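Given next are the chains, with one letter for each unit.
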Amino acid sequence: MFQSLQPLPPDPILGLSAAFKADSNPNKIDLGIGVYKDEQGNTPVMKAVKQAEEIILKSQATKSYVGPTGAVDYNETIARLVLGEKLFDRLGKRRATVQTPGGCGGLRLAAEFIGKANPDATVWVSDPTWANHKPLLGSAGLSFNSYPYYDYETHSVNFDGMLKTLQQVPKGDLVLLHGCCHNPSGADLSPAQWDAVRDAALQQGFTVFIDLAYQGMGTGLDEDVYGVRLLAEALPELIVVSSCSKNFGLYRERTGAVTLICDSDEACATASTLLAAAARANYSMPPDHGAAVVQLIMNTPELRQVWNEELTGIRERINSLRSIFVQRLREAGIKRDFSFIENEKGMFSFLGVDADQINTLIEKYGIYLVNSSRINVASINDSNIEYLINSLAEVLAD
Ligand code: LMR
């Protein structure tokens, strides 16, 4: 039976990591996968996480099941982090949060929930969007349309185009937005643009679905969720999928959540049963460890402070790398204007180089980037920036 199967091409992002590992070029640079790296090129376990793990190792009394919706305390903690204390209190039982295996597990659960709520729903995704959005949500049976998002000429959000399309999305469909640090472009909506999206959602009645994978990696923990909180306050319904992979560095621990806001307490109680059933039918229950770590950090003032300082350091390093990269490109005499990279947020930006140039960067220079020209700015450091700039200067001069 298995002999009839045909191999699939490698994943556009994960495949790059494998190719990078296999490359023997001593100067190789991995600008591919969205994983934070420090000045030494490592992705260390955060200090607060290590400390929390030590406490858990000593104090954990059982490994018994946690249940399909995960740990109640963690779910509340995440909802408070995403929504803020005031809104968390105001929403009361109109909000339900379910622990998931990472943001991807959350997206999958949300997709199944959407499929039950409206099997004919179309999900409108940004053009471009994260390479795994369509495979992930599509595998749960959802179908797609897209709204214009990034203008490759001006290197900014094509907000007029986006809004015009949103103003035609019907009730019953969903609009998937990136909460902050848009993946792959790094171009985020301004507060005024979020306000306009809220107005379009109220006018059209479509449901907003937010992927929040980078809270705290852009401008700040609260600043990065301006849009999420605005919509959570104003709209009758909202779906937010959040991840602790990046802001807690818990990538492999698969720690995420789905938060639903419903138009009544009763609707929310019903919706929670569907999320629980979807979790049970997929993986029974989420892994515990990462959520236990997050829960402990957020509820222990000293650990929370250590985490906050470390996250601030990560964010500030990424933002300063953006400035340094742009400055070094300019100093190398590269004529093309890359100043937009300095204004973008999170780990990603498009270099704007074409397919041949990407190929040359990978094949000739061992510089790995996604086939959309997306780079992970956090992979740049003092030891590799010269080689990176010189290689780019050569490729752009050809
Ligand atoms: C990325 O976009 O590189 C990250 O979100 C990692 C992934 O799973 O693709």
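Along each chain, residues carry numbers from 1 onward, in the same order as the chain's sequence is written. Selection of residues for local features in this predicted model requires a pLDDT of at least 70, selection of side-chain atom pairs for listing and counting requires 80 or more, and totals for whole chains, interfaces and linings are taken over all residues. With hydrogens and water stripped out, all remaining heavy atoms of the structure feed into the side-chain values.

1. Notes on the pattern of salt bridges
- We define a salt bridge as a side-chain nitrogen of Lys or Arg found within 4 Å of a carboxyl oxygen belonging to Asp or Glu. On inspection of all chains with the given rule, the structure shows seven salt bridges.
- Across the salt bridge formed by Arg108 and Glu112, the nearest N and O atoms sit 2.9 Å from each other. Residue Arg108 and its partner Glu112 are located together in helix H5 (residues 102-117), separated by four residues, close to a single helical turn.
- Partly exposed residues are those whose accessible area sits between 20% and 50% of the maximum for their type, while under 20% is buried and over 50% is exposed, using a 1.4 Å probe and protein chains only. Overall, the relative accessible area of 23% leaves Arg108 in the partly exposed class.
- For Asp222, the salt bridge is made with Arg229, and the minimal N-O distance between the two is 3.0 Å.
- Take Asp222: its relative accessible area is 48%, and that puts it in the partly exposed class.
- What makes Arg229 buried here is its relative accessible area of 19%.
- Sharing partners across several salt bridges, the network here consists of Glu76, Arg80 and Glu85. Helix and strand definitions here come from DSSP, where helices need a minimum of 4 consecutive H or I residues and strands a minimum of 2 consecutive E residues; each element is numbered from the N-terminal end.

2. A look at the site of the ligand
- Neighbouring the ligand are the residues Ile13, Ile33, Gly34, Trp130, Asn183, Tyr214, Lys246, Phe348 and Arg374.
- As used in this structure description, the phrase polar contact means that two N or O atoms lie within 3.5 Å; if the pair is within protein, one of them must be able to donate a hydrogen and the other to accept it, and residues adjacent in sequence are counted only when both atoms belong to side chains. Contact distances for the ligand include 3.2 Å between an oxygen atom and a side-chain N or O atom of Lys246.
- Within the side chain of Arg374, a nitrogen or oxygen atom sits 2.8 Å from an oxygen atom of the ligand.
- Protein coverage of the free-state accessible area of the ligand, which is 260 Å², stands at 83%.
- Composition of the shell around the ligand by domain shows at least three residues from each of domain 1 (11-44 + 312-397) and domain 2 (65-299). We call a residue near a molecule or strand as soon as one heavy atom of that residue lies within 4 Å of the molecule or strand. Accessible surface is estimated by sampling points in the Shrake-Rupley manner with a 1.4 Å probe; for residues, cover comes only from the protein chains shown. All the domain ranges listed were derived from an automatic or database domain assignment.

3. What about the sheet that holds strand E2 (residues 95-101)?
- For two strands to be treated as a pair, DSSP must find no fewer than two bridges joining them. Here seven strands make up an open sheet; going across it, the order is E2-E10-E9-E8-E7-E3-E4 and the pairing mixed. The outermost strands of the open sheet, each flanked by one partner alone, are E2 and strand E4 (143-148). With direction set aside, neighbouring strand axes in the sheet form an average angle of 25°.
- As paired elements, strand E3 (residues 122-127) and E4 share six bridges and run parallel to each other. Along E4, the bridge assignment pairs Trp124 with Asn145.
- Contact criterion: two residues are considered in contact whenever any of their non-hydrogen atoms come within 4.5 Å of each other. In this analysis, axes come from line fits to C-alpha atoms, helices being fitted only over the stretch in contact, and the angle between any two N-to-C directions falls in the range 0 to 180 degrees. Sheet strands touched by H5: E2, strand E7 (174-178), strand E8 (207-212), strand E9 (238-243) and strand E10 (255-261). Its angle to E2, the strand with the most contacts, is close to 125°.

4. A short note on the pairing of E10
- Counting buried positions along E10 gives seven out of seven residues, so the element sits mostly inside the fold.
- Of the two faces of E10, both are covered, the one formed by Thr255, Ala257, Thr259 and Ile261 as well as the one formed by Gly256, Val258 and Leu260.
- Relative to E10, E2 runs antiparallel, the two sharing seven bridges. Note that in E10 the partner of Arg95 across the bridge is Ile261.

5. Focus on the pairing of E9
- Counting buried positions along E9 yields six of six residues, so the element is predominantly enclosed.
- Residues Leu238, Val240 and Ser242 of E9 are buried on one face, and the alternating residues Ile239, Val241 and Ser243, pointing to the opposite face, are buried as well.
- Sheet topology places E8 next to E9; five bridges connect them, and they run parallel. What sits directly across from Phe209, in E9, is Ile239.
- Note on handedness: a clockwise path from strand one over the helix to strand two, with the strands aimed away from the viewer, defines a right-handed crossover. Crossover E8 to E9 through helix H9 (residues 226-234) is right-handed.
- Judged from the six bridges that link them, E9 and E10 form a sheet pairing that is antiparallel. What sits directly across from Ile239, in E10, is Leu260.

6. Brief notes about the environment of Thr255
- Note that Thr255 resides in strand E10.
- Taking relative accessible area as the criterion, Thr255 reaches 2% and is therefore assigned buried.
- In the structure, Thr255 is positioned 168 residues away from Leu87 in sequence and 23 Å away in space, judged by C-alpha atoms.
- Polar side-chain contacts of Thr255 include one of 3.5 Å to the backbone oxygen of Glu253.

7. Remarks on helix H3 (residues 72-83)
- Helix span, as expected, comes to 1.5 Å for every residue beyond the first. The first and last C-alpha atoms of H3 sit 16 Å apart over twelve residues, in line with the 16 Å expected at 1.5 Å per residue.
- Those residues of H3 not exposed but buried are Tyr74, Asn75, Thr77, Ile78, Ala79, Leu81, Val82 and Leu83.
- Trailing H3 by a residue or two, Gly84 shows a phi angle of about 85°, which is positive.

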